[in-house]
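Results of the structural survey
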Amino acid sequence: MRKDQFESPDYYMVEKLFSEEQIIVRDATRQWVKEYVSPVIEDCNLKGVFPKELIKGIAEIGGFGAILPAKYGGSELDLISYGLMMQELERGDSSIRVMCSIQTSLVMNNIYEHGNEFHKDEFLVKLSKGELIGSFGLSEPGHGSDPASMQTRHKIDGDHYIINGSKMWIGNAPFCDIALVWSKSNDNNNYACFIVHRDDPGFSTAKIDKKWSFRASETGELIFNNCKVHKKYLLFESDSINSALSSLNIARYAVACGSIGIAMECYDVALKYSNERIQFGKKISSNQLIQKKLVDMITEITKAQLLNWKLGLMMDDGDATFEQISMAKRNNVSVAYNVARNARQILGGMGITAEYPVMRHLINLETLITYQGTDEIHTLITGRNITGVSAF
Ligand SMILES: Cc1cc2nc3c(=O)[nH]c(=O)nc-3n(C[C@H](O)[C@H](O)[C@H](O)COP(=O)(O)OP(=O)(O)OC[C@H]3O[C@@H](n4cnc5c(N)ncnc54)[C@H](O)[C@@H]3O)c2cc1C
C-alpha cells in the first residue's frame, strides 16, 4: 500500500465550528491511524484478521469508553469529539472503528447506564484498558431487522439463568471475553440483557470466515446450549424491545460519523490521483466528466459533515431523537457509498487494487448499509416519523 498521505477535505471550513479540544482529539486520532493502522490494514484485510496488536494502542488513545466518566476508565469526551474520533478511525478502516464502537457504545455504555455498582466495578475499567473485549448480541440467524421476534430464551434455575439460542453476525464474537446478550423470558416474554463470560458453561462462539466485507473485523456466532449464567450477571429487563433499540443510538451515530471518514479519504485519494494521472496527453482532472464526479463528491461530503456536527450538538444536549440519528446513518452511509464508487471509477484499474484504500472501503460500506439497521429500515423509521403511519 502507498504511504498514507491523507489530507482532510473541508470545503466549508466546518473545522471552525469545533472547539480546541475537539480538534486535538481528531488530530491525535488521525496521527495514530497514520502511524499504526495504515501500514498494516491492507494485509489484515486480505488475511481476514483483526490487528489485535493494536488493541493496547486503541485503549491508550482513549478509544474504549471515550464518552464515559474518568472514574470508569473513560475520557469524558463530548459527542462531537467522539464522532470525530469515529470519523478518523473509520478513515483508517471500519474494523478499527467498529471495535471501538462495540466496546464503547454497545458494551461499556450499556453497563454504565443499566448496570449496578458491582457490574460497573467488575467490567468498566478493564474494558477501557482493552484487558477485556466485549461483544453485543442482538441479531439472530432468523431475526435481523425484526429483533423483537428473537428466539433466544432464558429461564430461572436456582441462582442461575439458563439460556438457549444463538446470535448471528456478532462483531468480536470469535475472541470476546464477555458478551452482552439479549434474550426473552420463558415466563413472561420480557426481554433481558445478560453479561455472559467466555467460560460460562454451555457458551461457545464460531467465526464467519467466508465474507467479502468487514474482512478485518472478526464476525461470528454466539451459541447458547443450556448456557448457565449467574443471576448477578443480569444487566436489566424490560417488557419492550425499545430498550434494546435505544442502546443502538450512539453506535448508529458512530456509523454516521465513520462513514464520512471513508468518504473524505476516498475523495482525497481520487482528487490527488486525477491530478497525477495523464491520459490523452493531459491530467484526467481536466476532463469535465471527472470534475463532475469530484464536485458531486465534495458537495455531498460537505453537507454530511454539517449534518454530523449538528447531530453531535443535539446529542450532547440530549435533544436528538432516534429518528434524527436514523436519518444521518442512512444519509451518510449512502453518501459514502456514492463517493467511494466514484473514486473507484476515477482510479480506473488501480481502483480495484490494495495499493489504494478505495476498494476496501467500498466493500466495507456494503456492511454499513446493512448493519445497525438496514437502509430500508431507516427509511421506514423516518417515514413513520414524518407521516405518523408505520409501514413496518
Ligand atoms: C459484518 C456485520 C456485523 C454485524 N455486527 C452485529 C453485532 O455486533 N451485533 C448484532 O446484534 N448484529 C450485528 N449485525 C447484524 C445486523 O444488524 C443485521 O444484519 C441487520 O439488522 C439486518 O438483518 P438481516 O441480515 O437478518 O437481514 P433481514 O432482516 O433478513 O433483511 C433482509 C432485507 O430485507 C429488508 N427488509 C426487512 N424487513 C423489511 C421491511 N419491513 N420493509 C422493507 N424491507 C425490509 C432489509 O432491509 C434487507 O434489505 C452485523 C451484520 C454484519 C453484516
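Just so we're clear, the structure is a prediction, and the values are computed from it rather than from any experiment.

Before going further, it helps to spend a moment on the overall build of the chain. Helix and strand content of the chain: 11 helices and 10 strands. Taking 21 Å as the expected radius of gyration for a compact globule of 392 residues, we find that the chain reaches 21 Å, a close match to that expectation. Judged by the C-alpha coordinates and their principal axes, the chain covers about 80 × 50 × 40 Å. Classification of the 392 residues of the chain by burial places 48% in the buried group.

Each assigned domain of the chain is listed here: domain 1 (14-128), domain 2 (134-239) and domain 3 (244-387). Computed over C-alpha atoms, the centres of domain 1 and domain 3 are 20 Å apart. Each side of the interface is counted separately: domain 1 has 22 residues, and domain 3 has 26 residues. Broken down by secondary-structure element, the contributors of at least two residues to the side of domain 1 that touches domain 3 are helix 1 (20-47), helix 3 (79-92) and helix 4 (94-114). When its residues are assigned to classes, the side of domain 1 that touches domain 3 shows 8 nonpolar, 8 polar and 6 charged.

This paragraph deals with the environment of Val389. Turning to its location among the elements, Val389 is positioned in the segment after helix 11 (375-387). Looking at Val389, the number of C-beta atoms within 10 Å reads 7, which means it is exposed.

Here the focus is the site of the ligand. Near the ligand you find 20 residues, and of these Ser139, Gly144, Ser145, Thr374 and Glu376 are the closest. For the shell around the ligand, the secondary structure elements donating two or more residues are strand 1 (134-137), strand 3 (160-171), helix 10 (358-370) and helix 11. Looking at the shell around the ligand, its residues break down into 10 nonpolar, 9 polar and 1 charged. When residues of the shell around the ligand are assigned to domains, at least three fall in each of domain 2 (134-239) and domain 3 (244-387).

All right, on to helix 7 (residues 249-276) then. Here helix 7 contains 28 residues, and its C-alpha end-to-end distance of 41 Å stays within 8% of the 40 Å for a straight helix at 1.5 Å per residue. With 23 of 28 residues buried, helix 7 lies mostly within the body of the structure.

Turning our attention to the packing of helix 8 (residues 288-316) against helix 9 (residues 322-346). The geometry of helix 8 relative to helix 9 is characterised by a closest axis approach of 10 Å and an angle of 155° between their N-to-C directions. Judged by the inter-axis angle, helix 8 sits roughly antiparallel to helix 9. The hand of the helix 8/helix 9 crossing is left-handed. Contact with helix 8, carried on its side by Ile290, Lys293, Asp296, Met297, Glu300, Ile301, Ala304, Leu307, Asn308, Leu311 and Met314, involves Gln324, Ile325, Ala328, Asn331, Asn332, Val335, Asn338, Val339, Asn342 and Ile346 of helix 9 and no other residues of that element. Looking at the contact of helix 8 with helix 9, its residues break down into 12 nonpolar, 6 polar and 3 charged.

Let us now look at the pairing of strand 3. Note: strand 2 (residues 153-157) against strand 3, 5 bridges, orientation antiparallel. Paired with His154 across the bridge in strand 3 is Ile163. Joining the antiparallel neighbours strand 2 and strand 3 is a turn of 2 residues, in which Gly158 adopts a positive phi near 65°. One ladder, built from 9 bridges, connects strand 3 with strand 7 (residues 219-230); its direction is antiparallel. By the bridge assignment for strand 7, Ile162 is matched with Lys228.

What follows concerns the packing of helix 7 against helix 9. Helix-helix packing: each pair is described by the crossing angle between the helix axes and the interaxial distance. Packing of helix 7 against helix 9 brings their axes to within 8 Å, and their N-to-C directions diverge by 20°. Here helix 7 lies roughly parallel to helix 9, going by the angle between them. The chirality of how helix 7 crosses helix 9 is left-handed. In terms of residue class, the contact of helix 7 with helix 9 is built from 21 nonpolar, 5 polar and 2 charged.

Let's shift gears to the nonpolar core. Core analysis: the largest hydrophobic core is formed by 107 residues, its most contacted members being Phe194, Ala263, Cys266, Ala336, Val339, Ala340 and Ala343. With 16 residues, the single largest contributor to this core is helix 7.

As a further point, take the environment of Ser8. Among the secondary structure elements, Ser8 is positioned in the segment before helix 1. On the basis of neighbour count, Ser8 is assigned to the partly exposed category, with 18 C-beta atoms found within 10 Å. Distance from Ser8 to Glu265, taken between C-alpha atoms, is 7.4 Å for residues 257 residues apart in sequence.

What follows covers the pairing of strand 1. Going residue by residue along strand 1, you find Gly134 and Phe136 tucked away on one face and Ser135 and Gly137 tucked away on the opposite face as well. Where strand 1 and strand 4 (residues 178-185) come together, 4 bridges link them in parallel fashion. Bridge pairing in strand 4 places Ser135 opposite Ala179.

Now for helix 3. The terminal C-alpha atoms of helix 3 lie 20 Å apart, and with 14 residues this matches the ideal 20 Å at 1.5 Å per residue to within 8%. Here helix 3 lies mainly inside the structure; 14 of its 14 residues are buried.

The rules behind these values
- Residues numbered from 1 in each chain as written.
- Predicted model: local features only at pLDDT ≥ 70, side-chain atom pairs only at ≥ 80, totals over all residues.
- Helix = DSSP H or I, 4+ residues; strand = E, 2+ residues; numbered from the N terminus.
- Rg over C-alpha atoms; globule rule 2.2 N^0.38 Å.
- Buried ≥ 20, exposed ≤ 12 C-beta atoms within 10 Å, placed from the backbone.
- Domains from an automatic or database assignment.
- Contact = placed C-beta atoms within 7 Å.
- Nonpolar A, V, L, I, M, F, W, Y, C, P; charged D, E, K, R; others polar.
- Near = placed C-beta within 6 Å.
- Expected span 1.5 Å × (residues − 1).
- Axes fitted to C-alpha atoms, helices over the stretch in contact; angles between N-to-C directions.
- Parallel < 35°, antiparallel > 145°, perpendicular 65-115°, else oblique.
- Left-handed = near helix turned anticlockwise from the far one by under 90°.
- Pairing = 2+ DSSP bridges.
- Core = buried A, V, L, I, M, F, W, Y, C linked by C-beta atoms within 7 Å.

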